[in-house]
Structures are given as C-alpha cells and as structure tokens.
Amino acid sequence: MIVTRRWLEEFIDLEGIDNSTLYDTFNRIGLEVDRIESYAIPRGVVIGKIVACEKHPHADKLNVCQIDIGTAIKQIVCGAANVREAEYVAVATLGSTLPNGMSIKPVTLRGIESEGMVCSAGELGLPQAEDGIWILDESIGELEPGKELQTYTNINDTLIELELTANRGDCLSVYGVARDLSAGLGIKCKPFEYKQKERFLLGIGRKAEFHIEGEIHASVRYKLADIKRVNIGALVKLRLAFAQIEYKDNLDALLLYTTHATGVMLRCYDAEVFRMQEKFRVALRQTSTGKVEVLGKNNTAVSMLGAYQQADAKASEATQSVLFEAFYIEPEPLVAAISSEQIQTDALYYQSSRGSNPDLYFGTCYLTCLLDRYCQIEWYEGVLEHRCEIEQQKIVAGIDKLSQILGIKLEQRKVAQVLHALGFDVRRKDHDEMVITSPLFRHDIRNVHDIAEEIMRIIGIDAITSKPMRFQERMSQDDIVDRYYALRALRQRAISQGFFEHISYLFAPKAIHEKYQVVSLDSALELANPIAEELNTLRTTLAINLLSALKHNVNHTQKRIMLFEVGTVFDAQRNPSEKIAFLYSGYQEPEGVRNSGKPRAITFDVFVSVLQSILGPMSFCNTTPTNDLMHPYQSATAYRDQTVCGTLFKLHPKTAQDLGVFDTYIAEFDVDALLPSHINAQTISKFQGAYKDLSIVIDKTLSYDKVHAAIQQIKNPLIKRFYPIDIYEDRQLGEKKSLTIRFFIQSDTQTLEDAQIDATMKQVLHVLQESIDAQLR
Amino acid sequence: MQEQELKQLIHNATTLEALEQVRISLFGKKGILAQEFAKMKTIPNEEKKAFASWLNNLKATLQEAFEQKHAILSAQALEQQMQSEAIDVSLYGMLPLKGALHPVAATMDRIIDFFVSMNFSVKTGPLVEDDFHNFEALNLPKFHPARDMQDTFYFHDGMLLRTHTSPVQIRTMLAQKPPIRMIAPGAVFRRDYDLTHTPMFHQVEGLVVEEGDVVSFANLKWILTEFLHHMFGDVEVRFRPSFFPFTEPSAEVDISCIFCQGKGCRVCSKTGWLEVLGCGIVDPNVFEMVGYHHVSGYAFGLGVERFAMLLHQIGDLRSLFEGDIRLLEQFR
C-alpha cells in the first residue's frame, strides 16, 4: 500500500510530525514501512506559462515555445508532443541542475536558441505522471509564472510504502491508513467536508428505477450523471503515479483515485446497459451461493459485486450517461462464493475480499467532489440505495485477561481510550469486564486476543517489559533429541573424513528416475502442481541429487568431490524414511607433493575404509544392481551387526560417461540403522593368545562372506577374531583362488598349548573343506 | 711409530668407517698397541716398569683421542643423517582433507543448541501433510489468502507438502497434554522459485503452552531477545505488531542491521533493521482445535536460510542448494 504524506494530510493534520516519527509510528502500530522516500524538486525549476508555441522550422519533432517565467519570456525548444496542449509547465531555468545531474545551459538546437528546458515529471525526479512533459494546472496550487516549484508543498511529497498484513483490509486506502495513524499519534482525523452542487438536471427517480430481488447481503449506492468532458489534474496524475496505479482513461483514473483515497469500492456503468424504454432499470439479485449480481437489460448480470464487471457495461470517458456504483460486501461470504464457483475476478476482488470501506456515503461524496472539480458533469439529484444492516461484532473482554496476555498491568480507562481512537465502542460492564463493539471496517476483530493485539499496537511493544517465564521444572529431552545429537556426531565425523554436507531439494526429476530405472512415486501419489520439470517428483534416493551436485562441481573444474547429505526419501507408496548418503568422486586424496600432483582415483577399498571411519565397522555382501546407476560388479549391501543398513556401489561406467563425471562411489544408509546401540563390555582374557594364518584354495567365484559365515558357524570360543589378509590368483590355480585368513586364538581360562591351537585350526580347515569345498594350499 | 703419528692416524679419519679401521689397527687383537704390549715379554725387567707406564699412557692418550674423534664423527654423521631427512614443512600446509557442515545445517544446530539449553524438546513431523494439520487446525480457514493454491504443493491424492513447521505443533498438542516446551526444526515447501525464494527451505518453530493464564507476551519477548543475542551477539532487538493467522497478538522481530550497525545500508534497505522472526501469543482458536482448555502459550518461527545468510554474508539463496564445493569449503 502506497500513501504519500500530503495525501494523508487530506485526512489528518501532520503538522509538527517529521518523517522519522511517521516511520517509527507506522512500524510501531503494525503497518510495516517498506520504503520511505522524500521528493524535492531542485531549485531553479519554476512555473512557466507558454505564450506561444510553433513548430521548429528545421525539425519535425521539435517545438519552439515562448515561455513566461515571471522575470522574462524565454525561448525554449521542446521535443515532447504534448507541449502543444499545455499552458503551464515546469521550466528548468538556466543554471539549474536536475536530479539526473543535467545542468541547464543555453544551447542551440538546429539553429534555434533555447534557454531552459521544459520538464517531464520524471526529469524532476518524480514518478513519470504522464507521457511527455508534465502539464501543470491549479490542482498543485496557484500558478504564478516564475514561482519555484519547490515551494509547492503538494508535489514535494514523501512517499511511504507500507507492507500490510492479510487482515488489514481497512488500511488499503489513504483514509484507512490515516485513521490508524491517528490512533497511533493521538491526533484526531479531520472531518470530511462535502458541499453538494446546487444545480441538477432532474431527480434520479425520474430517470432510473431500482429493484431488489429477495434478500441482498450487500450495500450499494448509485448516482447518475451526464458527462461531457473528463479531465484529471496534474496532482491526480502525480499521485496515481506515486501509487503505481495504471488507468485506462481519465474516468477510470478518477474512480481508482477515489478508491485509493477512501477505500470504497466503485464502478461506473454505461447507463444504456440498464435501458428499459425511457428509464434505466437497475436490479440486484443474490444467488443461492451468495453471489450478488447487478442485472441489466433482459435480466443478464452486468457485474457481480466485488468480483467482476462485463467489459461492455463499463463506462468510458466517451459515455454520455454514467451510473456510478459504490458497494460493500462482507469478505467471508464473497470469498466463499468465489471459491465455490471458481469465478474469474478482477482487481476489485483483492480489496473486497480483505474488507473494503463500508462508508459508501463517504466514497460517493469524495468521487462527486473530484468529478465536479475536474470534469464537465451534470448530476441527477439523489441516489439509488440499498443498505444492508451488518451486525457488528461484540466482544466481552476483561482487563485482567488483557493484562495477562500482554504481561503488563493495564487500566480500563486507558484501554477504552485506545479502542475509542481506533473506532471501537466500549461499554464498561464491571470493574473487570468491558463490552467492546468493533467498527464494521474491522471485520478481523473477533476475540479478546484480537483486542489485546490492538492495545499492543497502539501502546507499543516497547511498553512491555520482557520477563523470563516461571514454569514447573520438567525434563523435556527425549529420544528425538538423542537421535538428533547422534546424527550430529555422525555428521561431524563425516566432515572430519573430508566430506562436505549438501542440502538438496526434496524434489527430483521424474525423467531421470525413469531413465536410470530408479524407483519413483506411483503416479496416483505424484505431485499435482510441480514448479518445474526438473523438480516434478519426490526423490526416492539421495543419489540422484548428489549426482547433480557432482556434475555441478565437475563443471566448475573440481577434481575431488566428496559430498554427503542427510535427508528424507520416499518409496513408491510415498512412505518416508531418513537416509544419509555419501558420494566420493575423482581423486582419492588432494593433489600435492606426496602424489606428485597425480593422486589415484577413488577405489572401493578406500571408499569403504573412509565410510567405516565415520560409521563404524560394517560388513558387505555383493548385491545385484536394482537400477542403472549401479555398477553390476561393484555393488554391495552393507550390514551392521548382521542387519542391513544400506547400499553402496560404484557409479555405472556408462552413467558416469553420460554425466561426464569421474569414477564415483555412492553409499546410502538408513539413519536409524546407524544410530549407536547400547553396549555391554566383555571381560578381557588375561592369557596369552596366538596368531595363526590359514591359506586355503577355493572357487574363484566364491565371495569371502561365505567363508566368513562358515567359520562363524563353528562358534568356537577360542577364535577371538579372524580376517582375510591375502587373496591370490594365477593361471596355475585356474578356476580357483587362494585365500589367506589370519586367526587370533585365545582362551579366557588358560594359556593354550600348541596342540589346542592346532586342533582349533584343524577344526576350521575341516569345516571349510566340508562346507565350501576348500583345500589347504 | 711415534705417538704423534699414531694420533695423526686417528685425526685423519674423516668417516666413522675409516675411524673404525683405525680403531682396529690401533686397538685390535693384532693392532699396533697389542704388538707393543707383546714386546713386554722381551723387555728387560728393569725397563719393564717404565715401558709399561709409557705404553699405558700411550693407550690412554690414543683412546681419549679416539673417543673425541668418535664423538665428533658421530655427531657429524647424525647431523648428516638428519640433514638428509630435512623437510620443507611449508609444502604440507593447507592440505584440504577436512570437509564442512552445510552453513544452513550448522546454523540450525546453533539454533537447536540454544533452545535445548533452555529445556525445549525437539519435535519432528511428516513432510507430506494433510490439510487439517497444515491449515485448518492453525486457524487458516478454507479460502484464507495465505492458503492460496499457488503457494502450496499438492499431490494427486489431496495431500500436500507442509508449508511451514507449524503442523508439528498441532501433532504434538494432539499427542500430549500441557505443559509443552518444544521446537520443530525442518524443511518446508512453498511453490515459489526466484532469486529470493526456493521451493524448499528450513524453519524452526517454537511453542510453549502452560496450563492457566500464565504465558504472556512479555515472556515471549524475553526468550526471543535472549535467543537473538545468542545468535547475533550484541544487537538491538525490535518488536513490531504484525499478523499471523495462528497467533494473536502477533509481532515481527527485527535486529539492528549487523552490517551497518543500524546506520542504514543496502542489506537492510537503508532502514537499519533486519527482519528475522515472526511470533505471537497462540490464538485461542488453535487451542480449541486441539481440545486444550484453560491454557496459554506463545509461538514463534524463523527461516534458517535467512539466519545463515545474515550470519555468513551469503548473498545468493539458491547457491545454498547446489552443493558447490567452492561455497562449502569456506566453512571448513
């Protein structure tokens, strides 16, 4: 909402209130100031009266004007076409400097001397009020050639742009803002003075009739006039430009100006759309869904209050008989009607649905004054009118409750005073309670909390001293906090291993999911209104977004990319789960002297050892790829304590080539499977243990996890731990390979004899021979 | 040989190996001294004493010379060895082996730390929400302007992506009785994508509910002022009345601009203030919806990206979601 200081002053006396006070007050009362900007026309720009204007002899587009600037008549060449219609203009005289830095000096333009410049509003540093030069008239003040423009207070104005919250429809007008400001400053609004014209064509009843069909929950007020010529003043143009309001023609401009000033909803009709023989017949109808329609000829709707108007029903400045309509309709029923029928609405809906000014008398009077001032217009006496009594909200509020909500001691008298200033009616019920009636324009006030907010706005939040709360001590921390801190520790370990934390959107491109055969959401559960094609589904894995970050980094010449992300992914049924994923791509260590600038590429063994430094020990099983991101021979299922915790794989070489990225490894784990579990310590054996290596020959295709499982199966308590230390293949071994396993053998109860150790190793060998057809090497 | 010559032999050795050879030739079993000692047998008895004394002196002198020399050469050898091990340590600095937390996640951590230390619990909730929890229960009736279809991501089955973390408050209140002291951190989604909006961002929302008329705006002011000092240090905090559907009275909270100390600059649009929070006293309609009676409470919410961008002077919101190492490595 844009207002200007001078425009506000139509409704409230701001003398002695400087702009910084205005700024503070607006912010204090909840009308947030987005922008406050003062405009001052530079010295040396004066009123000029054009006494003669002729075409330039050598240039089609230039005009040579003789302009009275009070002290002299100056010859000034002007390029704007509209200078020919102008009488009074703004002239930058010799020696002046315009806000864009241009200094005005005598010049010769195609052989004609020019001593000064006729200015557009934009050239004066103001918003561009009209195309070409700015044509001045008495609306800015008494015009006196040679008078400095900077002395015209109406146009040296301050613009204030307010960011209104959705509940403050009452402040969508200059008057509404002034009214709220008056409460904030403790200054009463000026009464609006309206003088009716004395001459009329006829009584409106002689020319028009009004019908109401059934019950109508809206108020309307119509005036009828014949218009001959519609002008608007320089000031109206300037203020509309300040407020960034665009208009179709002068009539439109005056209506928009009035609405912006008063907050009253206005439309104008070509009266002919209501023609029934000699008279204009205006009828209102309310539908079962709550729409209020204005009916024209043949009972067709020419408009719907608050929503739209048929284009051909709208009056233009060329229309002869114009019916002016002011209306008020309650926001809630309007919004419900519009939504239930999906009706296309025009600009008036925004304000109507947030609460327009119900004071239709004020709106029509303001408009009448404006039209009388700028136009040749003749009115029909009287109005056509329907008033709907809207029940005003009554709220019973206790002073104790209000004090409690805000946390300060309030007094009834002060509260009543504040509410009065805001237009509320307050009746004292007893020493605590008051009956508060809210004005119609504050349809947003519903309960005692709303009243508390009004009090807080006006007395200011600064008046509330902050206080720590007293509460019963009670432990608030629970499993979610524990989980959060465990995850945080995990993230810290990830970065200590060199990974960067990534956050990507929950979205991903469906096409990529499909391209690489990655599970995606069932179409019945898909996003209905995605914002872009590359964000048109929910991710089912963190891998795809990590790959897109990888590509971004490769494009920016990174050679070693380590990323991890914690986030939610979904399955086809849209069930969520929280994952942590790691991506390791390119060099396995940074370039440096230790690798002569040529580090090795990341390999599976380095990747899993880094992962285990972060996540703790886990074991891996070869797995069959479930999608085309996975390398068919380097894909694994990860286990922690014999439970599946995630998947890891080398990026499929074809996909890597597709994306133009290096060798890349990706792992994705269930966060829940990685959280620390409770541990009970085991007794440590006091007796000597021994290492024993066992080399066996097994099938080449047999994976180590089978061997491991077979040994585990023995459940011999003397085998404290065992692990593979060497794998060997050669031609001689053919379809076999040699595997060496190191065992640590130890007893909890005695120092072992060699025979016992040998027996244990024999047992192992025997089991391996039986279960996996192993041979001693 | 003369004593002097023998000493010269020791003296001439330039390496430990050469010295070892000298040692053997002097002190070895067949060395010069051994030969001299062997002469003892043939020397007449009366000269024996003088000879032995001379020979012992010679041995002692040579031994001393040898040890001195050995010490010198050992020291030299050690020095040489160490010199050969010399490293230009300056080659090995700045080895970029550590990664970094994402500035948004790290900011979130810092926010959570404050509230956990104030005995707030941390609550979570689903990202895919229903209309009731995301809107209706929060006093956002159907057709409310804030429910504009344009702002919300919907699914074909009528579910939606939560537009704020507030549904977690509703879920918590439906699941437990007051008192409540909680925050709900997490990702939220709005259908908006331009320079200053991303379709996903992060919020932290807080809620305190106590039985009876206990919680006041003054309490809200206190905790948020403390919190903003924790996050931004010594800044001024300003509360401005505002409007949110689920709180009443509501306020927006500004801090004095941390870039210009409130003098007015580009970041604060010359106002000297930066808007950082929204808050208010919980609207009784919200309590009504979850079946709470005779309670009072406050709520607040903030955008984590905004905090991170202000704290670390990050100019481009969208860069936070690209995983660009050039940005992330600055936070090592």
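Residues numbered from 1 in each chain as written. Chains lettered and ligands numbered in written order. Predicted model: local features only at pLDDT ≥ 70, side-chain atom pairs only at ≥ 80, totals over all residues. Heavy atoms only, no water.

Digging into empty space enclosed by the protein
Keep this limit in mind: Only protein atoms enter the 1 Å grid used here. Points where a 1.4 Å probe fits but cannot escape make up a cavity, open sets with protein on both sides within 12 Å along at least five of seven lines make up a pocket, and a residue lines them when an atom lies within 4 Å of a point. Grid points are joined across faces, edges and corners, and a volume is the space filled by probe spheres set on the points. The way it works is that DSSP assigns letters per residue, a run of H or I at least four long becomes a helix, a run of E at least two long becomes a strand, and they are numbered from the N terminus. Under the convention adopted here, Pro, Cys and the residues Ala, Val, Leu, Ile, Met, Phe, Trp and Tyr are nonpolar, Asp, Glu, Lys and Arg are charged, and Gly plus all remaining residues are polar.
Counted by the stated rule, this structure contains four cavities of 30 Å³ or more. Estimates place the volume of the largest cavity at around 60 Å³. What lines the largest cavity is Ile29, Gly30, Thr165, Asn167, Arg168, Glu453 and Arg457 of chain A together with Pro241, Ser242 and Phe243 of chain B. Ranked by residue count, the leading element in the lining of the largest cavity is strand 6 (residues 237-244) of chain B, at three residues. Across the lining of the largest cavity, the residue classes break down as three nonpolar, four polar and three charged. Of the volumes computed, that of the second largest cavity is approximately 50 Å³. Taken together, 13 residues line the second largest cavity, and the ones lying closest to its centre are Asp170, Ser173, Arg179, Gly263 and Asn357 of chain A. A total of three residues in the lining of the second largest cavity trace back to one element, the largest contributor, which is helix 3 (residues 174-185) of chain A. Classifying every residue of the lining of the second largest cavity by side-chain character gives two nonpolar, nine polar and two charged.

Examining the sheet that holds strand 38 (residues 775-776) of chain A
Residue and element names in this part refer to chain A. Definition in use: Two strands are counted as paired when DSSP detects at least two bridges linking them. Should any heavy atoms of two residues lie within 4.5 Å, those residues are considered in contact. Each axis is a line fitted through C-alpha atoms, and for a helix only the stretch in contact is used; angles between axes span 0 to 180 degrees, taken between their N-to-C directions.
Across the sheet, four strands lie side by side as 36-37-35-38; this open sheet has antiparallel pairing. The open sheet has two edge strands with one neighbour each: strand 36 (719-728) and strand 38. Taken together, the two bridges between strand 35 (residues 690-699) and strand 38 define a ladder with antiparallel strand orientation. Along strand 38, the bridge assignment pairs valine 697 with glutamine 775. The strands touched by helix 18 (residues 704-714) are strand 35, strand 36 and strand 37 (736-745); relative to strand 36, the strand with the most contacts, the crossing angle is about 155°. Lying on the sheet, helix 19 (residues 754-772) is in contact with strand 35, strand 36, strand 37 and strand 38; it crosses strand 35 at an angle near 15°.

Overview of the layout of surface pockets
Residue and element names in this part refer to chain A. Within this model, the second largest pocket holds a volume of roughly 1500 Å³. Along its surface, the second largest pocket is lined by 45 residues, and Met618, Ser619, Phe620, Tyr639 and His708 are the ones closest to its centre. Those elements that provide at least two residues to the lining of the second largest pocket are helix 12 (479-496), helix 15 (604-615), strand 31 (619-622), strand 32 (630-640), helix 18 and strand 36.

Some details on the interface of chain A and chain B
Selection criterion: Buried area: the accessible surface (1.4 Å probe) lost by two parts on joining, summed over both. For salt bridges, the criterion is a side-chain nitrogen of Lys or Arg within 4 Å of an Asp or Glu carboxyl oxygen. Counted as a polar contact is a pair of N or O atoms within 3.5 Å, where, for protein atoms, one must be capable of donating a hydrogen and the other of accepting one, and residues adjacent in sequence contribute only when both atoms are in side chains.
Across the contact, 87 residues belong to chain A and 87 residues belong to chain B. Broken down residue by residue, the surface that chain A buries against chain B is led by Phe500, Ile503 and Tyr505 of chain A, which jointly contribute 10%. On inspection of chain A and its partner chain B, the count reaches seven salt bridges. Put simply, chain A and chain B have 34 residue pairs in polar contact (both at pLDDT 80 or more) between them. Of all the secondary structure elements, the ones that give two or more residues to the side of chain A that touches chain B are helix 2 (19-28), helix 6 (331-341), helix 9 (399-406), helix 11 (448-459), helix 12, strand 26 (500-501), helix 14 (543-555) and strand 29 (560-570) of chain A. Broken down by element, the side of chain A that touches chain B gets its largest block of residues, nine residues, from helix 12 of chain A. A per-class count over the side of chain A that touches chain B returns 43 nonpolar, 26 polar and 18 charged.

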